[in-house]
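Given next are the chains, with one letter for each unit.
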Amino acid sequence: MGPMGPMGGHAEPTLVLRAGRDRSLRRRHPWIFAGAVADVVGAPEPGDVVAVRSATGELLARASFEPGSGILARVWAFGDPDGAVPAVDDELVAARLEAAVGARAPLDARTDAVRWVHAESDLLPGLVVDRYGPVAVCHMTCAGAGAHRNLVARWLAARPEIGAVVERTDRAGRRRPTGTPALRVLAGEWSGGPVIIHEAVPPGAPSDGERGDRWTFEVDVASGQKTGFYLDQRDSRRLVATVAEGRRVLDLFGYTGGFAVAAAWGGAAEVTTVDSSAPAQALAATNLAANGLPPARLVAADVFTDLRARRDAGETYDLIVVDPPKLAHAEAEVRRATRAYKDLNWLACRLLAPGGLLLTFSCSGAVDPGLFQKVVFGAALDARVDLQVVGRLGQPADHPVLLSVPETEYLKGLVCRRAG
Ligand code: SAH
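Rules and cut-offs
Residues numbered from 1 in each chain as written. Predicted model: local features only at pLDDT ≥ 70, side-chain atom pairs only at ≥ 80, totals over all residues. Heavy atoms only, no water. Salt bridge = Lys/Arg side-chain N within 4 Å of Asp/Glu carboxyl O. Helix = DSSP H or I, 4+ residues; strand = E, 2+ residues; numbered from the N terminus. Buried < 20%, exposed > 50% of the residue type's maximum accessible area, 1.4 Å probe, protein only. Near = heavy atom within 4 Å. Polar contact = N/O pair within 3.5 Å; in protein donor to acceptor, adjacent residues only side chain to side chain. Areas by Shrake-Rupley, 256 points an atom, 1.4 Å probe, with all protein chains shown as cover. Domains from an automatic or database assignment. Buried area = accessible area lost by both parts, 1.4 Å probe. Axes fitted to C-alpha atoms, helices over the stretch in contact; angles between N-to-C directions. Parallel < 35°, antiparallel > 145°, perpendicular 65-115°, else oblique. Left-handed = near helix turned anticlockwise from the far one by under 90°. Contact = heavy atoms within 4.5 Å.

Engineer: Before we move on, can you summarise the pattern of salt bridges with the specific residues and values?
Structural biologist: Across all of its chains, the model carries 20 salt bridges by this definition. For R26, the salt bridge is made with E58, and the minimal N-O distance between the two is 2.9 Å. Of the two residues, R26 sits in helix 1 (residues 23-26) while E58 sits in the loop between strand 4 (49-53) and strand 5 (59-65), which places them 32 residues apart along the sequence. On the basis of relative accessible area, E58 is assigned to the partly exposed category, the value being 39%.

Engineer: For the site of the ligand, give the residues involved together with the corresponding values.
Structural biologist: By nearness alone, 14 residues border the ligand, and F253, D275, D302, V303 and D323 come closest of all. The contact in question runs from a nitrogen atom of the ligand to an N or O atom on the backbone of S276, over 3.0 Å. For the ligand, the protein covers 90% of the area, taking 580 Å² as the surface of the free molecule.

Engineer: For the domain arrangement of the protein chain, give the residues involved together with the corresponding values.
Structural biologist: In terms of domains, the protein chain is made up of domain 1 (6-78), domain 2 (90-192) and domain 3 (232-418). The centre of domain 1, based on its C-alpha atoms, is set 25 Å off from the matching centre of domain 2. In total, about 840 Å² of surface goes out of reach between domain 1 and domain 2, with carbon and sulfur atoms giving 66% of it. When the area that domain 1 buries against domain 2 is broken down by residue, the three leading residues are E66, R74 and W76, summing to 69%. The tally of links between domain 1 and domain 2 comes to one salt bridge.

Engineer: An account of the packing of helix 8 (residues 303-312) against helix 9 (residues 334-351) is needed here, citing residue identities and associated values.
Structural biologist: Orientation of helix 8 relative to helix 9, taken along the N-to-C sense of each, is 30°, at an axis distance of 10 Å. Judged on the interaxial angle alone, helix 9 and helix 8 are roughly parallel. Considering only the axes of helix 8 and helix 9, their crossing is left-handed. Facing helix 8, whose interface residues are V303, F304, L307, R308, R310 and R311, helix 9 presents A340, D343, L344, W346, L347, R350 and L351.

Engineer: So what's going on with the environment of R26? Which residues, and what values?
Structural biologist: Residue R26 is classed as partly exposed on the basis of its relative accessible area of 44%. Between the C-alpha atoms of R26 and F78, which are 52 residues apart in sequence, the distance is 8.6 Å. Residues in contact with R26, not counting those within four places in the same chain, are S54, E58 and L60. Among the polar contacts listed, one links the side chain of R26 to the side chain of E58, at a separation of 2.9 Å.

Here it is as structure tokens:
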């Protein structure tokens with residue numbers, strides 16, 4: 001398509017880049033910052049498709065217009081192998097949904113809770129879709145994703161697994177007038193009640209034979225964190241279940257008990273979970289009981305303070321999970337965040353018994369895996385313990401990292417063993 005669009009001869013709105021500012025686009029990075037744009041031709045509305053041209057007029061991409069955010073446009077279509085830039089229409093979006101959900105099919109045998117669409121990684125900028133059993137929870141963080149809301153809802157509702165499609169409307173970057181609910185129903189019947197999800201227990205995890213081969217979680221899709229559950233820790237939950245037997249477990253930032261359930265299922269001698277959110281702790285208790293597991297010690301407290309008290313009391317643990325929220329939201333926060341990561345890991349090292357395991361995570365994309373490892377090393381050094389890395393953890397297959405968009409890599413974890 002040339003600059004004259006198909007609609008009654010109106011010119012397709014176009015962003016013209018500054019000279020030399022087309023490099024990241026040619027490397028198929030989809031974010032166009034305002035500083036790279038010389039001119040906006042036409043009068044695009046937020047979410048409209050705009051053509052993106054180099055300073056010399058070459059058509060490079062089609063993007064959604066995102067005024068008012070730091071990123072002025074997000075690319076939905078780059079040149080295909082023939083050099084043509086496809087139109088961003090229902091057909092393209094439906095094909096990408098199909099590809100994304102189809103790629104998750106191998107997980108179906110293991111769980112009914114899967115990230116079906118992981119935004120930029122699935123070539124659907126700003127669109128997240130998490131499937132929790134019969135409920136598809138959408139989250140749209142840019143105007144371009146919102147422009148496809150009806151199509152996405154119809155497409156998801158047509159899937160045989162799905163009875164309701166809902167949208168979480170409360171995340172960063174979206175202004176919400178006071179009193180507007182954080183969740184709205186886009187399609188189907190939504191009871192508003194709890195959603196129960198299932199995950200296969202890993203082979204090798206001890207089980208008393210009566211509990212079956214799946215653990216369950218109740219997910220609060222209406223007001224829980226993210227879209228309700230930490231799907232990205234699925235593989236790490238499985239690991240915890242296989243190493244917990246006989247260990248005294250300390251689960252820090254436990255949320256609704258993902259790691260607590262895994263540890264208890266795996267035969268932990270005892271489980272202590274610390275989180276500042278009382279509703280999350282209540283759901284953790286529900287989740288343990290629903291799986292027929294012994295109750296954990298649920299501590300509603302600030303982890304930083306709580307750990308100092310445990311250190312002063314001389315407590316030790318054989319398995320410590322450190323899974324804090326995102327501590328660096330941007331490059332500018334990395335220094336402060338690394339201090340907090342170091343403090344947490346230093347305290348965890350102090351509480352780790354010889355031979356004990358430390359599973360420590362960072363979900364801050366701005367803290368890269370190399371830096372994170374240095375921080376954990378610094379923490380061990382200050383605590384005067386020797387830590388061996390015996391495993392590395394990251395995003396599961398339904399949270400893919402797109403190589404052209406390094407920002408899609410955020411979750412990393414180290415499995416460390418205290419030597420000696
Ligand atoms: N491990 C969890 C996810 C943790 S998300 C899982 O696998 O499901 C981060 C959690 O940290 C949230 O539940 C939040 O309530 C809690 N949190 C954030 N800051 C905290 C603090 N300073 N002290 C204790 N909990 C905190």
